[in-house]
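# A look at the structure
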Amino acid sequence: MKIKYLGHSSFLITESTGTSVVTDPYDESVGYRMPQVSADAVTVSHHHYDHDAVSNVKGHPVVLDSETAYVLKDGVEISSIMSFHDDCRGRKRGENIIFKFRMDGLDICHLGDLGEDCSADLIEMILPVNVLLIPVGGNYTIDAAMAKEYVDRIMPDIVIPMHYRAKGCKLDIDKVDAFLDKFDGEPVAVVEAGDEIEIYRDDLDGEQTTVIVMENAR
């Protein structure tokens with residue numbers, strides 16, 4: 001399975017069969033332009049301009065923007081979990097959809113613009129997770145401290161932070177450093193990668209979490 005970071009909260013996730021999904025495509029109001037990609041499906045966690053620019057994805061993908069259990073070609077499974085975009089049960093920013101993907105025997109979870117505090121009920125619905133794509137920038141989503149709590153409770157093999165203030169970003173959110181600082185002194189590997197990584201199930205031993213900071217593909 002390959003994961004390509006397109007910037008902000010957007011990823012191109014491709015199974016070994018070639019079936020692909022793009023998460024939360026954005027428009028250039030974010031501060032930079034989304035790379036040109038095509039996919040079989042697009043998931044939208046909520047309808048804000050920095051998460052639902054589906055016209056930027058080529059290939060006539062199916063658009064999933066509500067609660068669903070969907071199976072793409074080659075058996076790629078997509079499921080969703082309803083959550084809140086804020087810590088007051090949606091009264092401020094509404095709902096947020098968490099999407100899970102089953103590809104190449106791995107469970108990938110994209111938390112979207114999750115804003116609610118970590119709870120036992122939500123964690124139970126999210127598990128199991130091998131690869132966690134998590135917002136860390138705060139203000140509009142959970143902040144670094146709450147993101148760390150989610151990581152501690154979910155215990156994924158791989159964590160990829162998203163929705164933080166990268167170079168050129170115009171949004172009032174924190175840089176990724178605040179999240180990375182939470183792992184100081186812990187037995188967690190923090191590595192930097194390019195815009196694409198390849199993950200094999202046999203490489204994941206379930207004993208250690210690795211935080212991978214990816215570069216925007218632009």
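Residues numbered from 1 in each chain as written. Predicted model: local features only at pLDDT ≥ 70, side-chain atom pairs only at ≥ 80, totals over all residues. Heavy atoms only, no water.

### Some points on the environment of methionine 1
- Within the secondary structure layout, methionine 1 lies in the segment before β1 (2-7).
- Residue methionine 1 is classed as buried on the basis of its relative accessible area, which comes to 4%.
- Along the backbone, methionine 1 and glutamate 116 are 115 residues apart, and their C-alpha atoms lie at a distance of 30 Å.
- Among all residues touching methionine 1, those that are not within four sequence positions of it are Ile13, Thr14, Met103, Asp104, Leu106, Ile108, Val131, Ile197, Glu198 and Ile199. (Helix = DSSP H or I, 4+ residues; strand = E, 2+ residues; numbered from the N terminus. Buried < 20%, exposed > 50% of the residue type's maximum accessible area, 1.4 Å probe, protein only. Contact = heavy atoms within 4.5 Å.)

### Comments concerning unusual backbone geometry
- Between leucine 127 and the following residue, proline 128, the backbone shows a cis peptide bond with an omega angle of -5°.
- By the element assignment, proline 128 lies in the loop between α1 (120-126) and β12 (131-135).
- Within the chain, asparagine 139 stands out as a residue other than glycine whose phi angle is a positive 70°.
- By the element assignment, asparagine 139 lies in the loop between β12 and α2 (144-154).
- Positive phi is not limited to glycine here, since methionine 155 has a value of about 55°.
- Take methionine 155: it is sitting in the loop between α2 and β13 (158-162).

### Details of the pairing of β12
- Most of β12 is tucked away: 5 of the 5 residues are buried.
- Here β12 shows no split at all, with Val131, Leu133 and Pro135 on one side and Leu132 and Ile134 on the other all buried.
- Where strand β11 (residues 106-110) meets β12, 3 bridges bridge the pair, whose relative direction is parallel. Looking at the pairing, isoleucine 108 lines up with valine 131 of β12.
- In this region the chain leaves β11, passes through α1 and returns to the parallel neighbour β12; the handedness of that crossover is right-handed.
- In this sheet, β13 lies alongside β12 in parallel orientation, the contact comprising 5 bridges. Looking at the pairing, leucine 133 lines up with isoleucine 160 of β13.
- Taken together, β12, α2 and β13 form a β-α-β motif whose crossover is right-handed. (Pairing = 2+ DSSP bridges. Right-handed = clockwise from strand over helix to strand, strands pointing away.)

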